[in-house]
Amino acid sequence: MPDQPCAIVRYEWGRWVADCPVADCWNAEHAGLWQGAVGMLTRDGMACRECGWQGAALWPAPELAEQLLAVLALRPMPSTRNWLPGETVADLLLQNTQHGIGVPELDGDGVLLMVADGRVVDVHPALAAASPVPLAIGA
Ligand SMILES: [Zn+2]
């Protein structure tokens, strides 16, 4: 049985997006509401409005998605909030640093992100509040 095509989800311009996996179809769908339109990409899969393809979508694991969004939320321009499959949280933090996006002044313990074994294990409440989606790190 051949492998079924699958839509690969990435984060682009501050929203989740996937290209249609059908050859010669150049459509992409987004998740949720963006610029007044509801996309046809959901956690359950994707439906292409151009060619009619419907199938599974490969998302990052929820915990990873939360961590990625926490780091991307530090970027002031939505157009720069991008992630491609294979990029790590550390990659995004490095990109932030390379573009002069530092750690904001924080009250309390001053820890923005606590990383252990290559993954974020804690997020400062100020950062969680800045995230475009609710964060539930460690939940
Ligand atoms: Zn299509």
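Residues numbered from 1 in each chain as written. Predicted model: local features only at pLDDT ≥ 70, side-chain atom pairs only at ≥ 80, totals over all residues.

Q: If you had to explain the overall build of the protein to someone new, which residues and values would you point to?
A: When its secondary structure is counted, the protein shows 3 helices and 11 strands. The order of α-helices and β-strands along the protein, N terminus first, is β-β-β-β-β-β-β-β-β-α-α-β-β-α. Across the 139 residues of the protein, 21% fall into the buried class. A sequence separation of at least 24 residues applies to 46% of the contacts in the protein between residues at least 6 apart. (Helix = DSSP H or I, 4+ residues; strand = E, 2+ residues; numbered from the N terminus. Buried ≥ 20, exposed ≤ 12 C-beta atoms within 10 Å, placed from the backbone. Contact = placed C-beta atoms within 7 Å.)

Q: So what's going on with the sheet that holds strand β8 (residues 54-55)? Which residues, and what values?
A: The strand order β6-β7-β8 describes an open sheet built from 3 strands, whose pairing is antiparallel. Each end of this open sheet is capped by a strand with a single partner; those strands are β6 (41-42) and β8. Pairing geometry for strand β7 (residues 45-47) and β8, over 2 bridges, is antiparallel. From the neighbouring strand, M46 faces β8, where its bridge partner is G55. (Pairing = 2+ DSSP bridges.)

Q: I'd like a rundown of the packing of helix α1 (residues 62-72) against helix α2 (residues 89-98), residues and numbers included.
A: Between α1 and α2, the least distance of the axes is 10 Å, while the angle of their chain directions is 5°. Considering their axes alone, α1 and α2 lie roughly parallel with respect to each other. Residue-level contacts link Q67, L68, V71 and L72 of α1 to V89, L92, L93 and N96 of α2. Residue composition of the contact of α1 with α2, by class: 6 nonpolar, 2 polar and no charged. (Axes fitted to C-alpha atoms, helices over the stretch in contact; angles between N-to-C directions. Parallel < 35°, antiparallel > 145°, perpendicular 65-115°, else oblique. Nonpolar A, V, L, I, M, F, W, Y, C, P; charged D, E, K, R; others polar.)

Q: How would you summarise the confidence of the model for the protein if you had to cite specific residues and measurements?
A: Mean pLDDT over the protein works out to 83, with 73% of the residues at or above the 70 mark. For residues 132-139, every residue scores under 50 in pLDDT, and the model assigns this stretch 15 contacts once sequence neighbours within four places are set aside. (pLDDT = per-residue confidence, 0-100.)

Q: Mind laying out the environment of A47, listing which residues take part and the relevant values?
A: Along the polypeptide, A47 turns up in strand β7. Judged by C-beta crowding, with 17 C-beta atoms within 10 Å, A47 ranks as partly exposed. The spatial distance from the C-alpha of A47 to the C-alpha of E29 is 7.8 Å, given a sequence separation of 18 residues. Not counting chain neighbours up to four residues away, the residues in contact with A47 comprise M40 and Q54.

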